[in-house]
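# Close look at the chain arrangement
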Amino acid sequence: MRRYALELFDRSFAVTYLLEAVAILVGLAGVAATMSAQTIARTREFGMLRHIGVSKRQIIAMLASEGALLGLVGGIAGIALGGIMAQVLVHVINPQSFNWTMATRVPWGIVVSVAGALVIAAAGTATLAGRRAIAADAVRVVREDW
């Protein structure tokens, strides 16, 4: 009976990990949409920066750092809010609904590696979104602003 119950829990947690992966992909799609919209809106700014001597590589590096920062803030907020929600579920909902609780064990290695992958993916997404915004000729982009 115990083994059957543990198998059920393992299956439910497998679904949880699948939902976690889907949430990460949705978050990355949000980062991509945000960075794309932001870079399109800032095309003239990038043209002016290029006009005064900033290279395309420097602008891409700036966008990558902005994306990484956005991913880092999102990762920290997600870890904090997820941890709070987990504690409420384990220590409030479970005792009230199922009359049991369990000890919390955080897999820090997995949490840190997923957060790091999120930061890297957000930086890469921002870089890809920024390449199109800086592809236009700097003089033409600045002229459009007049």
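## Points about the environment of R2
Position of R2 among the secondary structure elements: in helix α1 (residues 2-41). Separated by 125 residues in the primary sequence, R2 and T127 place their C-alpha atoms 50 Å from one another.

## What to know about the packing of helix α2 (residues 43-51) against helix α3 (residues 56-98)
Between α2 and α3, the shortest axis-to-axis distance is 10 Å and the interhelical angle comes to 135 degrees. Between α2 and α3, the crossing angle belongs to the class labelled oblique. Relative to α3, α2 is oriented so that their crossing is right-handed. Listed contacts from α3 to F46, L49 and R50 of α2 are K56, I59, M62 and L63. Of the residues assigned to the contact of α2 with α3, the class counts are five nonpolar, no polar and two charged.

## Some details on the packing of α3 against helix α4 (residues 108-133)
Angle between the axes and distance between the axes are the two parameters that describe a pair of packed helices. At a closest axis distance of 7 Å, the pairing of α3 and α4 adopts a crossing angle of 145 degrees. Here α3 runs over α4; the crossing is right-handed. Residues I60, L63, A64, G67, A68, G71, L72, G75 and I79 of α3 pack against V111, A115, L118, V119, A122, A123, A126, T127, G130 and R131 of α4. Considered class by class, the residues forming the contact of α3 with α4 number 13 nonpolar, five polar and one charged.

## Section: the environment of A5
Tracing the chain through its elements places A5 in helix α1. Expressed as a C-alpha distance, the spacing of A5 and S113, which sit 108 residues apart in the sequence, is 30 Å.

## Examining the pattern of salt bridges
By the definition in use, this model includes two salt bridges. With its nearest N and O atoms 3.2 Å apart, the salt bridge here joins R42 to E45. The class of R42 is buried, set by a relative accessible area of 14%. Each member of the salt-bridge network shares a partner with another, and the members are R42, E45 and E66.

## Things to note about α2
For α2, every residue scored as buried is listed here: F46, G47 and R50. When α2 is viewed along its axis, its buried side chains cluster within an angular range of 105 degrees and face the same direction. Once α2 ends, the next one or two residues include G53, with phi positive near 115 degrees.

What counts as what
- Residues numbered from 1 in each chain as written.
- Predicted model: local features only at pLDDT ≥ 70, side-chain atom pairs only at ≥ 80, totals over all residues.
- Heavy atoms only, no water.
- Helix = DSSP H or I, 4+ residues; strand = E, 2+ residues; numbered from the N terminus.
- Axes fitted to C-alpha atoms, helices over the stretch in contact; angles between N-to-C directions.
- Parallel < 35°, antiparallel > 145°, perpendicular 65-115°, else oblique.
- Left-handed = near helix turned anticlockwise from the far one by under 90°.
- Contact = heavy atoms within 4.5 Å.
- Nonpolar A, V, L, I, M, F, W, Y, C, P; charged D, E, K, R; others polar.
- Salt bridge = Lys/Arg side-chain N within 4 Å of Asp/Glu carboxyl O.
- Buried < 20%, exposed > 50% of the residue type's maximum accessible area, 1.4 Å probe, protein only.
- Arc of directions from axis to C-beta.

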